Amino acid sequence: MPTEAEITETIVIRLRALVPPGVEIGPQTSIMGDLGLDSLTVMNFVMWLEDVFDVSLPMDRIVEMETVADLARALQSLGAKEAS
Amino acid sequence: MSILDKFEALRHAHEALQELGADPFAVCFDSVASATEGTVAGRPVLIFGSNNYLGLTCDPEVVARGVSALRAFGSGTTGSRIANGTYLGHRTLETRLAAFFGRRNAMVFTTGYQANLAMMSTLAGRGDHLLVDADSHASIYDGCRLGAAEVIRFRHNDPTDLARRLRRLEGEAGDRLIVVEGIYSMLGDRARLAEIVEIKRAAGACLLVDEAHAFGVLGENGRGAAEEACVEADVDVIVGTFSKSLGGIGGFALSDLPGFDVLRLACRPYMFTASLPPSVAAAALAALERIERTPSLRRTLHANARRFYDGLAAAGFALGGEAGPIVSIRLSDTPTAARFWAALLEAGVYVNLALPPATPTLEPLLRCSVTAAHTTAQIDYAVETAVAVGSHLGAIGERRSIDG
Ligand SMILES: Cc1ncc(COP(=O)(O)O)c(C=O)c1O
């Protein structure tokens, strides 16, 4: 099982590819608020993470999540498997 | 400071659209001459943006049966289906719908939106799992939010992703309800039902198909996408509406599940709203009978759809989905889409403008729809007009290179 830190790292690397170069991204970054991503991009991003860690994030959990750390914690608590 | 301040961004987006000369949200038909012709701001328009697939809104018999029920039963029921709002017309409509679909039970709702609210929020309860297609209609998403089940989205029309998500649920308690649409309303693509029912069976899940756009349109008898795919026996619940091919308003849910009727006492969107006016129920029944009697309507619809789709495809437009009554022109950006839409209206062709986030991707769409009532001359005029406007705006073929 990957650690929260490992999951965070995967999230951050992927998010970097979605925003202009140089944008700071860390555990406390708000995915919608700070990065200005539209809801469709976020949905596709979440689906990509679900594949990577082989879990499904229920919609009510997705709505609650704001920061990168929230997302990493949710993925871990749902039993994220080793990144594939 | 106002309580409406939170809508500032929405207001700005709307104003930006208006500055481009388009306000699709403010279109008002001030007269309707037929299922395909009306006037907007005094200007005659051909209607290529509706869900009136069989053109039954102005069918003389449908109208006459509505009028006669209006006279016999009055303007409304003033009550819910489980109080004073069930009339003979509602009962008859349920019996006839059940017979049409070959199902044991039918429930009629005031709208299709409410039928979906009811089914999503009641069939799946706390501890159950709803697996919904990511491109589902708002009524499905809203129904999910109204209920207490866990909601999982799967990638649009992707049976492999659905199977993967069901596999992840293995060992967990609770029922699984898969929700798909027969025809998806924005691009007109059809659910991959043959594969989906295989997965459903293997997982021991229930399957609900919203046939809103496919009822009266697909299948030998018009029973929808499940009939077309020969998988009706594997569909546990069908949801549908009278607001599209039947040309009226009202929703329904059908099932063979024993004891389905108990939902009449459990579905809040059934219990806490007034029932359909008897005239509307009577008109819907007349339209259903018309569909049963006149299968040629469906053939005309598909021939018309093909003509329209082929005309636009030949001109090089990037189209969504497959040839069918919903034909969506995919465009690259909102300003082009807004100008395109406004120019079409100016030239007398009304279509629907669909903008993200209401669209499946970030592309805006000109959602066009064809009906059995369109003449070939009307279709050809609409195609020619779209080609002329599209070429002028440089909007033809532009997506090809990007999508590969
Ligand atoms: C797929 C789908 N389901 C349900 C509905 C709701 O139907 P109604 O107009 O009867 O509320 C619609 C219509 O917008 C739809 O497109």
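(A) The packing of helix α2 (residues 60-73) of chain B against helix α10 (residues 278-293) of chain B, seen in detail. All names here are of chain B. It is at 7 Å that the axes of α2 and α10 come closest, and there the two elements cross at 150 degrees. What the angle tells us is that α2 and α10 run roughly antiparallel. Crossing of α2 over α10 shows right-handed handedness. On α10, the residues touching E61, V62, R65, G66, A69, L70 and F73 of α2 are P278, S279, A282, A283, L285, A286, A287, E289 and R293. Residue composition of the contact of α2 with α10, by class: 10 nonpolar, 2 polar and 4 charged.

(B) Expanded view of unusual backbone geometry. All names here are of chain B. The omega torsion across P356 and P357 is 10 degrees, close enough to zero to call that bond cis. Assignment of secondary structure puts P357 in the loop between β14 (352-354) and β15 (365-369). Located in the positive-phi region is T78, a residue other than glycine, with phi close to 55 degrees. Checked against the element boundaries, T78 lands in the loop between α2 and α3 (88-101). Of note in this structure, N157 is not a glycine but carries a positive phi near 50 degrees.

(C) The environment of E198 of chain B, seen in detail. All names here are of chain B. For E198, the location among the structural elements is in helix α7 (residues 193-203). Given the relative accessible area of 48%, E198 is considered partly exposed. Separated by 116 residues in the primary sequence, E198 and A314 have C-alpha atoms spaced 36 Å apart.

(D) Quick peek at the site of the ligand. All names here are of chain B. By nearness alone, 15 residues border the ligand, and G112, D210, H213, T241 and K244 come closest of all. Contacts to the ligand include Y113, whose backbone N or O atom sits 2.8 Å from an oxygen atom. At a separation of 2.6 Å, an oxygen atom of the ligand approaches a polar side-chain atom of T241. Within the complex, the protein chains bury 84% of what would otherwise be the 390 Å² of accessible surface of the ligand. Ranked by residue count, the leading element in the shell around the ligand is helix α4 (residues 112-123), at 3 residues. Tallied by class, residues from the shell around the ligand come to 2 nonpolar, 10 polar and 3 charged.

(E) Seen up close, the sheet that holds strand β11 (residues 319-320) of chain B. All names here are of chain B. The antiparallel open sheet is built from 4 strands, whose spatial order is β11-β12-β15-β14. Edge strands, defined here as strands with exactly one partner in the open sheet, are β11 and β14. Summarising the sheet, strand β12 (residues 326-330) and β15 pair through 5 bridges and their orientation is antiparallel. Pairing of I329 across the sheet is with L366, part of β15.

(F) Structural detail: the nonpolar core. All names here are of chain B. One finds L97, I178, V180 and F242 to be the most contacted residues of the largest nonpolar core, which totals 55 residues. Here this core gets 8 residues from one element, more than from any other, and that element is α10. Summarising the domain contributions, this core has at least three residues from each of domain 1 (8-47 + 295-393) and domain 2 (60-293). Not counting chain neighbours up to four residues away, the residues in contact with L97 comprise A106, V108, F215, F242, F252, L254 and L288. If you look at the next biggest cluster of nonpolar residues, it comprises 35 residues, including I329, A342, L344 and L366.

Cut-offs applied
Throughout, a residue's number is its position along its own chain's written sequence, starting from 1. In the order they appear in the text, chains get letters beginning with A and ligands get numbers beginning with 1. Per-residue local features of the predicted model are confined to residues with pLDDT of at least 70, and side-chain atom pairs are confined, for both listing and counting, to 80 or more; whole-chain, interface and lining totals are unaffected and use all residues. The side-chain quantities take in all heavy atoms of the structure and omit both hydrogens and water. Angles run from 0 to 180 degrees between N-to-C directions of axes, and those axes are lines fitted to C-alpha atoms, restricted for helices to the stretch in contact. Secondary structure counts use DSSP, requiring at least four H or I residues in a row for a helix and at least two E residues in a row for a strand, with both numbered from the N terminus. Orientation labels follow simple angle bins: below 35 degrees gives roughly parallel, above 145 gives roughly antiparallel, 65 to 115 gives roughly perpendicular, and whatever is left gives oblique. Take the far helix as your reference; a near helix turned counterclockwise from it by less than a right angle gives a left-handed crossing, and one turned clockwise gives a right-handed crossing. Note on contacts: a residue pair is in contact if any heavy atoms of the two residues lie within 4.5 Å. Three categories are distinguished: nonpolar for Ala, Val, Leu, Ile, Met, Phe, Trp, Tyr, Cys and Pro, charged for Asp, Glu, Lys and Arg, and polar for the others, with Gly belonging to the last. Residue exposure (1.4 Å probe, protein chains only): buried if accessible area is under 20% of the type maximum, exposed if over 50%, otherwise partly exposed. A molecule or strand has a residue near it when one of that residue's heavy atoms lies within 4 Å. N or O atoms closer than or at 3.5 Å make up a polar contact, with two conditions inside protein: a donor-capable atom paired with an acceptor-capable one, and, for residues adjacent in sequence, both atoms drawn from side chains. Surface accessibility follows the Shrake-Rupley procedure with a 1.4 Å probe radius. Residue values consider only the protein chains on display as shielding. Two strands are said to pair when DSSP picks up at least two bridges between them. The definition of a nonpolar core used throughout is a set of buried Ala, Val, Leu, Ile, Met, Phe, Trp, Tyr and Cys residues joined through side-chain atoms within 4.5 Å. An automatic or database domain assignment is the source of the domain bounds shown.

So yeah, pure geometry; function would need other evidence.
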